[in-house]
Amino acid sequence: MKLLFATNNQNKLKEIIGLLSDQFELLTFADIGFEDDIEETGSTIEENASIKSKTIAEKFNINVFSDDSGLEVEALGGAPGVHSARYADKENPSGEKNMAKMLTKMKDEENRNARFKTVISLVLNGKEHLFEGTVNGIITKEKRGESGFGYDPVFQPDGYEITFAQMSAEEKNSISHRYKAVKKLCEFLTTA
Ligand code: IMP
């Protein structure tokens, strides 16, 4: 079965290919000649995932999935959430600026609970299915580690003494929010 992954992110693509069984032929934007940007105008992570998959499904009449992720911090009322990528600077976003803003906002905060969340929206034969993966943890007091991207140096998952950025890619990928959502998608697809 042909299935399009609506992303331009090559790392996400590689991760999925490793998990999906050979019964699926994974297509990319290049395969369907799609070069536009899909505006992520949703006010939640779920909405943004849906916008991407539904836009492509309607335009090309194919089976498609897309993902959206974010960091939700309890003391900040769930922020930055859907705005995680551009939290500190909408025009020129960067992980460093986002982390600096996060550490400043959380400076005197005792409740450091946070979670990463990924939502995958699959449109299969015209019907949408949502898959969610989360990982709970805390926002550290300072940055630790060099690996990964985004907020990894300030996020320590529950049950660990190290941040995502102090883990190897393999270790992070085996417990991450994205991995959990992808796994649910793959389990659904192999039984669909
Ligand atoms: P995306 O929807 O996967 O592109 O994620 C949106 C934003 O959430 C990213 O630009 C990061 O700021 C943040 N984010 C999502 N997943 C992670 C992660 O695994 N580590 C660190 N930051 C992440």
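Here, every reference points to the structure presented above.
1. Some details on the pairing of strand S3 (residues 64-73)
Across the 10 residues that make up S3, a large majority, 9, are buried. Looking at chain direction, S3 and strand S4 (residues 113-124) are connected through 10 bridges and run antiparallel. Pairing of Ser69 across the sheet is with Thr118, part of S4.

2. Quick word on the site of the ligand
Near the ligand you find 14 residues, and of these Lys12, Ser69, Asp152, Lys172 and Arg178 are the closest. Between His177 and the ligand, the recorded distance is 3.1 Å, taken from a side-chain N or O atom to a nitrogen atom. One of the side-chain nitrogen or oxygen atoms of Arg178 is found 2.7 Å away from a nitrogen atom of the ligand. Protein chains shield 85% of the accessible area of the ligand, which is 480 Å² for the free molecule. In a pocket analysis with a 2 Å cut-off to the grid points, the ligand is assigned to the largest pocket. Breaking the shell around the ligand down by element, the ones donating at least two residues are S3 and helix H6 (177-191). The element that contributes the greatest number of residues to the shell around the ligand is S3, accounting for 3 residues. Tallied by class, the residues present in the shell around the ligand amount to 4 nonpolar, 5 polar and 5 charged.

Conventions adopted
Residues numbered from 1 in each chain as written. Predicted model: local features only at pLDDT ≥ 70, side-chain atom pairs only at ≥ 80, totals over all residues. Heavy atoms only, no water. Buried < 20%, exposed > 50% of the residue type's maximum accessible area, 1.4 Å probe, protein only. Helix = DSSP H or I, 4+ residues; strand = E, 2+ residues; numbered from the N terminus. Pairing = 2+ DSSP bridges. Near = heavy atom within 4 Å. Polar contact = N/O pair within 3.5 Å; in protein donor to acceptor, adjacent residues only side chain to side chain. Areas by Shrake-Rupley, 256 points an atom, 1.4 Å probe, with all protein chains shown as cover. 1 Å grid on protein atoms, 1.4 Å probe; cavity = no way out; pocket = protein on both sides within 12 Å on 5 of 7 lines; lining within 4 Å. Sits in = over half its atoms within 2 Å of the grid points. Nonpolar A, V, L, I, M, F, W, Y, C, P; charged D, E, K, R; others polar.

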